[in-house]
Amino acid sequence: AMQEKLRRDGVRVRISYRYSYEQLGRLMGCDRKTAWRRVQEGLGMLGEKLVELKVVAPVEAGEQVHDNFKKMVYFYDFK
């Protein structure tokens, strides 16, 4: 809310927030495991569409794909 207020006041802020699967589940009216499955299904459909539109290259069989998008955030990441 504070970042949104700053943005409306003309201050450039970086708004980013990652909902937990438990929070998504509450918003979607299901449990966290179902929310995880729905998110994974949506990401799979997005990936297929991006390959279809030739935005990204298809993943070859046997190629390992890492789906861990979490990273540590340090104070020096923000300038």
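Here, every reference points to the structure presented above.
In this report, the structure presented in the accompanying data block is examined. Remember, it's a predicted structure, so these values are computed and weren't measured experimentally.

**Some remarks on the overall build of the protein**
Okay, step 1: Each helix and strand counted, the protein has 3 helices and 0 strands in total.
Okay, step 2: For the protein, the succession of helices and strands along the chain, N to C, is α-α-α.
Okay, step 3: Long-range pairs, those at least 24 residues apart, make up 16% of the contacts in the protein between residues at least 6 apart in sequence.
Okay, step 4: As presented, the protein carries roughly 7900 Å² of accessible surface, and 56% of it is formed by carbon and sulfur atoms.

**Description of a nonpolar patch on the surface**
Okay, step 1: A grouping of Tyr17, Tyr19, Leu27 and Met28 is seen on the molecular surface, where their side chains present a nonpolar patch of about 480 Å² in accessible area.
Okay, step 2: With respect to the helices and strands, Tyr17 occurs in the loop between helix H1 (2-8) and helix H2 (21-28).
Okay, step 3: The exposed category is assigned to Tyr17, whose relative accessible area is 59%.

**Considering helix H3 (residues 32-52)**
The α-helix winds at 3.6 residues per turn, so residues separated by three or four positions along the chain end up facing the same way.
Okay, step 1: Given a rise of 1.5 Å per residue, 21 residues ought to cover 30 Å, and the 30 Å separating the end C-alpha atoms of H3 matches this to within 8%.
Okay, step 2: Just beyond H3, the residue with positive phi is Lys54, at close to 60°.

About the criteria used
- Residues numbered from 1 in each chain as written.
- Predicted model: local features only at pLDDT ≥ 70, side-chain atom pairs only at ≥ 80, totals over all residues.
- Heavy atoms only, no water.
- Helix = DSSP H or I, 4+ residues; strand = E, 2+ residues; numbered from the N terminus.
- Contact = heavy atoms within 4.5 Å.
- Areas by Shrake-Rupley, 256 points an atom, 1.4 Å probe, with all protein chains shown as cover.
- Patch = residues over 30% accessible without salt bridge, like charges linked within 9 Å, V, L, I, M, F, W, Y side chains within 5 Å.
- Salt bridge = Lys/Arg side-chain N within 4 Å of Asp/Glu carboxyl O.
- Buried < 20%, exposed > 50% of the residue type's maximum accessible area, 1.4 Å probe, protein only.
- Expected span 1.5 Å × (residues − 1).

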